[in-house]
Amino acid sequence: MTGLAIGLALIASFSYGTGSVVVRSAVRSHTAASVALWVQAVGLSVLLIGAAVVRPPVSLGALVWGAAAGSLVACGVLSFYTAMQNGPISLVAPVAATGVTVPVAGGLLLGEKVSGLALAGLALVVIGVMAIARSHGSGVSMSEADVHGGMTVLATPPGRSQVTPVHDNCKPASFARPQLAAAVLSVVSAAAFGVFYLVLRQATAAASATTAAADSSSADNYPFSAALLVAVAVQSGSLLVTFATATRHTIKCVLPSQQLITFTAAIGLLDVIGDLALTYAIALGPVSLVGPLGSLDPMVAVLL
(Lines give C-alpha, C1' and ligand atoms only; values in the text may rest on other atoms or scores of the structure.)
Protein backbone atom coordinates (compact mmCIF):
# COMPACT_ATOMS: atom_id res chain seq x y z
CA MET A 1 0.00 0.00 0.00
CA THR A 2 2.88 2.36 0.71
CA GLY A 3 4.10 2.13 -2.88
CA LEU A 4 0.64 3.05 -4.18
CA ALA A 5 0.46 5.94 -1.70
CA ILE A 6 3.80 7.28 -2.97
CA GLY A 7 2.62 7.05 -6.57
CA LEU A 8 -0.63 8.84 -5.78
CA ALA A 9 1.19 11.59 -3.87
CA LEU A 10 3.41 12.17 -6.90
CA ILE A 11 0.34 12.29 -9.16
CA ALA A 12 -1.15 14.90 -6.82
CA SER A 13 2.03 16.98 -7.01
CA PHE A 14 2.04 16.76 -10.80
CA SER A 15 -1.62 17.80 -11.01
CA TYR A 16 -1.18 20.73 -8.61
CA GLY A 17 2.06 21.80 -10.30
CA THR A 18 0.47 21.75 -13.74
CA GLY A 19 -2.48 23.68 -12.37
CA SER A 20 -0.11 26.27 -10.93
CA VAL A 21 1.36 26.89 -14.39
CA VAL A 22 -2.13 27.53 -15.78
CA VAL A 23 -2.93 29.72 -12.76
CA ARG A 24 0.10 31.89 -13.53
CA SER A 25 -1.34 32.57 -16.96
CA ALA A 26 -4.84 33.19 -15.64
CA VAL A 27 -3.89 35.76 -12.99
CA ARG A 28 -1.95 37.86 -15.48
CA SER A 29 -5.17 38.80 -17.26
CA HIS A 30 -7.81 38.27 -14.57
CA THR A 31 -8.17 39.25 -10.93
CA ALA A 32 -7.00 36.78 -8.31
CA ALA A 33 -10.47 36.94 -6.74
CA SER A 34 -12.21 35.75 -9.91
CA VAL A 35 -9.70 32.97 -10.60
CA ALA A 36 -9.86 31.66 -7.03
CA LEU A 37 -13.62 31.72 -6.74
CA TRP A 38 -14.44 30.05 -10.03
CA VAL A 39 -11.66 27.46 -9.92
CA GLN A 40 -12.90 26.17 -6.58
CA ALA A 41 -16.53 26.37 -7.68
CA VAL A 42 -15.71 24.19 -10.70
CA GLY A 43 -13.78 21.72 -8.55
CA LEU A 44 -16.57 21.39 -6.00
CA SER A 45 -19.20 20.98 -8.74
CA VAL A 46 -17.29 18.10 -10.33
CA LEU A 47 -16.80 16.40 -6.95
CA LEU A 48 -20.48 16.81 -6.02
CA ILE A 49 -21.53 15.23 -9.32
CA GLY A 50 -19.19 12.33 -8.58
CA ALA A 51 -20.60 11.99 -5.06
CA ALA A 52 -24.17 11.97 -6.44
CA VAL A 53 -23.24 9.08 -8.74
CA VAL A 54 -21.15 7.05 -6.25
CA ARG A 55 -23.25 7.90 -3.15
CA PRO A 56 -20.60 7.34 -0.47
CA PRO A 57 -21.72 6.57 3.09
CA VAL A 58 -21.93 9.91 4.89
CA SER A 59 -19.55 10.35 7.81
CA LEU A 60 -20.02 13.45 9.96
CA GLY A 61 -16.48 13.11 11.27
CA ALA A 62 -15.05 12.94 7.74
CA LEU A 63 -17.05 15.99 6.67
CA VAL A 64 -16.00 18.05 9.70
CA TRP A 65 -12.32 17.07 9.55
CA GLY A 66 -12.26 17.45 5.76
CA ALA A 67 -13.84 20.90 5.85
CA ALA A 68 -11.38 21.90 8.57
CA ALA A 69 -8.49 20.71 6.40
CA GLY A 70 -9.79 22.64 3.39
CA SER A 71 -10.32 25.80 5.41
CA LEU A 72 -6.86 25.45 6.94
CA VAL A 73 -5.02 25.14 3.65
CA ALA A 74 -7.05 27.97 2.12
CA CYS A 75 -6.03 30.18 5.04
CA GLY A 76 -2.45 29.06 4.49
CA VAL A 77 -2.51 30.06 0.83
CA LEU A 78 -4.26 33.32 1.71
CA SER A 79 -1.54 34.08 4.28
CA PHE A 80 1.14 33.18 1.74
CA TYR A 81 -0.04 35.58 -0.95
CA THR A 82 -0.86 38.32 1.55
CA ALA A 83 2.67 37.99 2.94
CA MET A 84 4.10 38.28 -0.58
CA GLN A 85 2.05 41.41 -1.13
CA ASN A 86 3.69 43.03 1.90
CA GLY A 87 7.25 41.67 1.80
CA PRO A 88 9.90 40.32 -0.57
CA ILE A 89 9.40 36.87 -2.05
CA SER A 90 12.97 36.06 -0.98
CA LEU A 91 11.71 36.15 2.63
CA VAL A 92 8.21 34.76 2.27
CA ALA A 93 8.69 31.74 0.01
CA PRO A 94 11.51 30.00 1.96
CA VAL A 95 9.75 30.49 5.32
CA ALA A 96 6.46 29.17 3.98
CA ALA A 97 8.27 26.18 2.47
CA THR A 98 9.34 24.99 5.93
CA GLY A 99 5.77 23.74 6.34
CA VAL A 100 6.79 20.65 4.38
CA THR A 101 8.62 19.42 7.50
CA VAL A 102 5.46 19.44 9.67
CA PRO A 103 3.83 16.23 8.31
CA VAL A 104 7.19 14.44 8.60
CA ALA A 105 7.58 15.41 12.26
CA GLY A 106 3.89 14.84 12.99
CA GLY A 107 3.84 11.41 11.41
CA LEU A 108 6.93 10.28 13.31
CA LEU A 109 5.48 11.60 16.58
CA LEU A 110 2.29 9.65 15.89
CA GLY A 111 4.37 6.47 15.70
CA GLU A 112 4.68 5.93 11.95
CA LYS A 113 7.54 3.64 10.95
CA VAL A 114 9.78 5.02 8.22
CA SER A 115 13.04 3.39 7.13
CA GLY A 116 16.35 5.20 7.31
CA LEU A 117 16.62 5.20 3.52
CA ALA A 118 13.17 6.76 3.22
CA LEU A 119 14.08 9.42 5.78
CA ALA A 120 17.20 10.25 3.77
CA GLY A 121 15.06 10.61 0.66
CA LEU A 122 12.61 12.81 2.55
CA ALA A 123 15.47 15.05 3.64
CA LEU A 124 16.41 15.55 -0.02
CA VAL A 125 12.77 16.31 -0.88
CA VAL A 126 12.54 18.92 1.88
CA ILE A 127 15.81 20.53 0.78
CA GLY A 128 14.62 20.54 -2.84
CA VAL A 129 11.29 22.19 -2.01
CA MET A 130 13.03 24.87 0.05
CA ALA A 131 15.65 25.43 -2.66
CA ILE A 132 12.92 25.93 -5.26
CA ALA A 133 11.17 28.34 -2.91
CA ARG A 134 14.41 30.25 -2.45
CA SER A 135 14.82 30.49 -6.22
CA HIS A 136 11.69 32.65 -6.30
CA GLY A 137 13.57 35.24 -4.28
CA SER A 138 13.82 37.95 -6.86
CA GLY A 139 13.62 40.63 -4.16
CA VAL A 140 10.29 41.80 -5.57
CA SER A 141 7.15 42.19 -3.53
CA MET A 142 3.77 41.71 -5.13
CA SER A 143 2.77 45.22 -4.13
CA GLU A 144 5.47 46.50 -6.51
CA ALA A 145 4.12 44.64 -9.51
CA ASP A 146 2.70 46.62 -12.40
CA VAL A 147 -0.66 44.93 -12.76
CA HIS A 148 -3.63 45.54 -15.02
CA GLY A 149 -6.40 43.55 -13.37
CA GLY A 150 -4.25 40.57 -12.43
CA MET A 151 -0.82 39.76 -10.97
CA THR A 152 2.54 39.59 -12.71
CA VAL A 153 4.45 37.90 -9.88
CA LEU A 154 3.26 34.55 -8.55
CA ALA A 155 5.34 32.10 -6.54
CA THR A 156 3.92 28.63 -5.93
CA PRO A 157 3.29 27.62 -2.30
CA PRO A 158 4.10 24.01 -1.37
CA GLY A 159 1.20 21.65 -0.82
CA ARG A 160 -2.30 21.88 -2.20
CA SER A 161 -1.83 24.77 -4.64
CA GLN A 162 -4.52 27.29 -5.34
CA VAL A 163 -4.78 31.02 -5.74
CA THR A 164 -6.77 33.15 -3.31
CA PRO A 165 -8.54 36.49 -3.74
CA VAL A 166 -5.91 38.67 -2.13
CA HIS A 167 -3.97 40.86 -4.56
CA ASP A 168 -5.46 42.61 -7.57
CA ASN A 169 -6.34 46.11 -8.63
CA CYS A 170 -9.69 45.93 -6.90
CA LYS A 171 -8.81 45.78 -3.22
CA PRO A 172 -5.29 44.73 -2.21
CA ALA A 173 -4.54 44.11 1.47
CA SER A 174 -2.20 46.47 3.32
CA PHE A 175 -0.62 46.71 6.78
CA ALA A 176 0.93 49.53 8.79
CA ARG A 177 4.13 47.47 9.21
CA PRO A 178 4.25 45.38 6.01
CA GLN A 179 7.63 43.68 6.63
CA LEU A 180 6.56 42.43 10.06
CA ALA A 181 3.20 41.33 8.68
CA ALA A 182 4.95 39.42 5.89
CA ALA A 183 7.19 37.58 8.38
CA VAL A 184 4.29 36.62 10.67
CA LEU A 185 2.04 35.57 7.80
CA SER A 186 4.83 33.44 6.33
CA VAL A 187 5.06 31.47 9.58
CA VAL A 188 1.26 31.14 9.72
CA SER A 189 1.30 29.89 6.14
CA ALA A 190 3.98 27.28 6.88
CA ALA A 191 2.08 25.97 9.89
CA ALA A 192 -1.20 25.79 7.94
CA PHE A 193 0.39 23.92 5.01
CA GLY A 194 1.94 21.36 7.34
CA VAL A 195 -0.97 20.79 9.73
CA PHE A 196 -3.29 20.39 6.73
CA TYR A 197 -1.88 16.90 6.12
CA LEU A 198 -2.39 15.84 9.72
CA VAL A 199 -6.00 17.05 9.72
CA LEU A 200 -6.61 15.37 6.36
CA ARG A 201 -5.32 12.15 7.91
CA GLN A 202 -8.06 12.37 10.54
CA ALA A 203 -10.68 12.94 7.85
CA THR A 204 -9.67 9.87 5.86
CA ALA A 205 -9.63 7.74 9.02
CA ALA A 206 -13.16 8.84 9.92
CA ALA A 207 -14.42 8.16 6.39
CA SER A 208 -12.77 4.72 6.40
CA ALA A 209 -14.38 3.77 9.71
CA THR A 210 -17.85 4.75 8.49
CA THR A 211 -17.46 2.92 5.19
CA ALA A 212 -16.15 -0.22 6.92
CA ALA A 213 -19.14 -0.19 9.27
CA ALA A 214 -21.52 0.05 6.30
CA ASP A 215 -19.71 -2.56 4.22
CA SER A 216 -17.48 -5.09 5.98
CA SER A 217 -15.91 -6.15 2.68
CA SER A 218 -14.22 -2.74 2.43
CA ALA A 219 -12.43 -3.04 5.76
CA ASP A 220 -9.17 -4.21 4.17
CA ASN A 221 -9.23 -1.85 1.18
CA TYR A 222 -9.75 1.87 1.35
CA PRO A 223 -12.74 2.54 -0.94
CA PHE A 224 -12.84 5.27 -3.56
CA SER A 225 -16.16 6.48 -2.17
CA ALA A 226 -14.52 7.42 1.13
CA ALA A 227 -11.81 9.42 -0.65
CA LEU A 228 -14.48 11.16 -2.72
CA LEU A 229 -16.43 12.16 0.39
CA VAL A 230 -13.33 13.64 2.03
CA ALA A 231 -12.37 15.49 -1.17
CA VAL A 232 -15.85 17.08 -1.28
CA ALA A 233 -15.45 18.22 2.33
CA VAL A 234 -11.96 19.63 1.69
CA GLN A 235 -13.06 21.56 -1.38
CA SER A 236 -16.12 22.86 0.48
CA GLY A 237 -13.96 24.18 3.32
CA SER A 238 -11.60 25.88 0.88
CA LEU A 239 -14.45 27.46 -1.08
CA LEU A 240 -16.01 28.79 2.12
CA VAL A 241 -12.83 30.70 2.99
CA THR A 242 -12.38 31.88 -0.60
CA PHE A 243 -15.98 33.08 -0.85
CA ALA A 244 -15.72 34.94 2.45
CA THR A 245 -12.58 36.68 1.21
CA ALA A 246 -14.05 37.39 -2.22
CA THR A 247 -16.92 39.33 -0.65
CA ARG A 248 -14.38 42.12 0.01
CA HIS A 249 -14.25 42.72 -3.74
CA THR A 250 -16.76 44.20 -6.15
CA ILE A 251 -18.88 42.13 -8.52
CA LYS A 252 -16.76 43.45 -11.38
CA CYS A 253 -13.68 41.86 -9.76
CA VAL A 254 -15.17 38.36 -9.70
CA LEU A 255 -17.33 38.42 -12.82
CA PRO A 256 -16.30 35.54 -15.14
CA SER A 257 -15.41 36.00 -18.79
CA GLN A 258 -15.35 33.39 -21.54
CA GLN A 259 -11.56 33.14 -21.32
CA LEU A 260 -11.71 32.84 -17.54
CA ILE A 261 -14.21 29.99 -17.80
CA THR A 262 -11.74 28.09 -19.98
CA PHE A 263 -8.93 28.72 -17.51
CA THR A 264 -10.97 27.75 -14.47
CA ALA A 265 -12.32 24.58 -16.09
CA ALA A 266 -8.77 23.36 -16.75
CA ILE A 267 -7.43 24.35 -13.33
CA GLY A 268 -10.51 23.01 -11.54
CA LEU A 269 -10.22 19.57 -13.17
CA LEU A 270 -6.51 19.40 -12.34
CA ASP A 271 -7.33 20.29 -8.73
CA VAL A 272 -9.94 17.53 -8.57
CA ILE A 273 -7.41 14.95 -9.78
CA GLY A 274 -4.89 16.21 -7.25
CA ASP A 275 -7.41 16.25 -4.41
CA LEU A 276 -8.56 12.68 -5.02
CA ALA A 277 -5.02 11.38 -5.45
CA LEU A 278 -3.76 13.14 -2.33
CA THR A 279 -6.73 12.04 -0.21
CA TYR A 280 -6.30 8.44 -1.30
CA ALA A 281 -2.55 8.61 -0.69
CA ILE A 282 -3.04 9.93 2.86
CA ALA A 283 -5.43 7.06 3.55
CA LEU A 284 -3.03 4.37 2.27
CA GLY A 285 0.41 5.52 3.41
CA PRO A 286 2.20 7.27 6.26
CA VAL A 287 1.63 11.02 6.34
CA SER A 288 5.34 11.51 6.98
CA LEU A 289 5.96 10.21 3.45
CA VAL A 290 2.87 11.41 1.63
CA GLY A 291 3.08 14.98 2.97
CA PRO A 292 6.45 15.91 1.45
CA LEU A 293 5.84 13.94 -1.76
CA GLY A 294 2.49 15.67 -2.17
CA SER A 295 4.24 19.05 -1.81
CA LEU A 296 6.46 18.82 -4.88
CA ASP A 297 4.21 20.98 -7.06
CA PRO A 298 6.62 23.97 -6.93
CA MET A 299 9.27 21.70 -8.52
CA VAL A 300 6.78 20.49 -11.14
CA ALA A 301 5.81 24.08 -11.96
CA VAL A 302 9.48 25.07 -12.39
CA LEU A 303 10.19 22.05 -14.61
CA LEU A 304 7.14 22.74 -16.76
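This text follows the structure it describes.
Note that the structure is a prediction, hence the values are computed from the model and not measured.

Participant: Break down the packing of helix α1 (residues 2–29) against helix α10 (residues 258–284) for me, citing the residues and quoting the values.
Facilitator: Running from N to C, α1 and α10 point in directions that differ by 160°, and their axes come no closer than 8 Å. Overall, the two elements α1 and α10 adopt an arrangement that is roughly antiparallel. Judged by the twist between their axes, the crossing of α1 over α10 is left-handed. Per-class residue counts for the contact of α1 with α10 are 19 nonpolar, seven polar and two charged.

Participant: If you had to explain the nonpolar core to someone new, which residues and values would you point to?
Facilitator: Membership of the largest hydrophobic core comes to 44 residues, with the highest contact counts inside it found for Phe-80, Phe-196, Leu-200, Tyr-222, Val-230, Leu-278 and Val-290. It is helix α7 (residues 178–214) that provides the largest number of residues to this core, a total of ten residues. Those residues in contact with Leu-278, other than ones at most four positions away along the chain, are Ala-12, Tyr-16, Phe-196, Tyr-197, Leu-200, Val-290 and Gly-294. Grouped together as the second largest cluster of nonpolar side chains are 14 residues, Leu-37, Leu-44, Ala-51 and Leu-239 included.

Participant: If you had to explain the packing of helix α2 (residues 32–54) against α10 to someone new, which residues and values would you point to?
Facilitator: Look at α2 against α10: their axes get within 8 Å of each other, and the N-to-C directions meet at 55°. The angle between α2 and α10 places the two elements in the oblique class. Crossing geometry of α2 relative to α10 is assigned as right-handed. The segment α2 lies against α10, with Ser-34, Val-35, Trp-38, Val-39, Val-42, Gly-43, Val-46 and Leu-47 engaging Leu-260, Thr-264, Ala-265, Ile-267, Gly-268, Leu-269, Asp-271, Val-272 and Leu-276.

Participant: So what's going on with the environment of Thr-82? Which residues, and what values?
Facilitator: Secondary-structure assignment places Thr-82 in helix α3 (residues 60–86). Overall, the relative accessible area of 9% leaves Thr-82 in the buried class. For the pair Thr-82 and Pro-178, spaced 96 residues apart in sequence, the C-alpha to C-alpha distance is 9.8 Å.

Participant: Describe a nonpolar patch on the surface, with residues and values.
Facilitator: On the surface, a cluster of nonpolar side chains totalling about 380 Å² of accessible area is made up of Ile-49, Val-53, Val-54 and Phe-224. It is α2 that provides the largest number of residues to the nonpolar patch, a total of three residues. As for its position among the elements, Val-54 is in helix α2.

Participant: Break down the environment of Asp-271 for me, with residues and values.
Facilitator: By the secondary structure assignment, Asp-271 is in helix α10. Counting along the chain gives 259 residues from Asp-271 to Ala-12, while the straight-line C-alpha distance between them is 8.4 Å.

Participant: Just give me the short version of α2, but keep the residues and values in it.
Facilitator: Its 23 residues place the ends of α2 33 Å apart at the C-alpha level, agreeing with the 33 Å of an ideal helix rising 1.5 Å per residue. Regarding α2, the residues found buried are Ala-32, Ala-33, Ser-34, Val-35, Ala-36, Leu-37, Val-39, Gln-40, Gly-43, Leu-44, Leu-47 and Ala-51. Among the residues trailing α2, Arg-55 stands out with phi positive, at a value near 55°.

Procedures and definitions
- Residues numbered from 1 in each chain as written.
- Predicted model: local features only at pLDDT ≥ 70, side-chain atom pairs only at ≥ 80, totals over all residues.
- Heavy atoms only, no water.
- Axes fitted to C-alpha atoms, helices over the stretch in contact; angles between N-to-C directions.
- Helix = DSSP H or I, 4+ residues; strand = E, 2+ residues; numbered from the N terminus.
- Parallel < 35°, antiparallel > 145°, perpendicular 65-115°, else oblique.
- Left-handed = near helix turned anticlockwise from the far one by under 90°.
- Nonpolar A, V, L, I, M, F, W, Y, C, P; charged D, E, K, R; others polar.
- Core = buried A, V, L, I, M, F, W, Y, C linked by side-chain atoms within 4.5 Å.
- Buried < 20%, exposed > 50% of the residue type's maximum accessible area, 1.4 Å probe, protein only.
- Contact = heavy atoms within 4.5 Å.
- Patch = residues over 30% accessible without salt bridge, like charges linked within 9 Å, V, L, I, M, F, W, Y side chains within 5 Å.
- Areas by Shrake-Rupley, 256 points an atom, 1.4 Å probe, with all protein chains shown as cover.
- Salt bridge = Lys/Arg side-chain N within 4 Å of Asp/Glu carboxyl O.
- Expected span 1.5 Å × (residues − 1).

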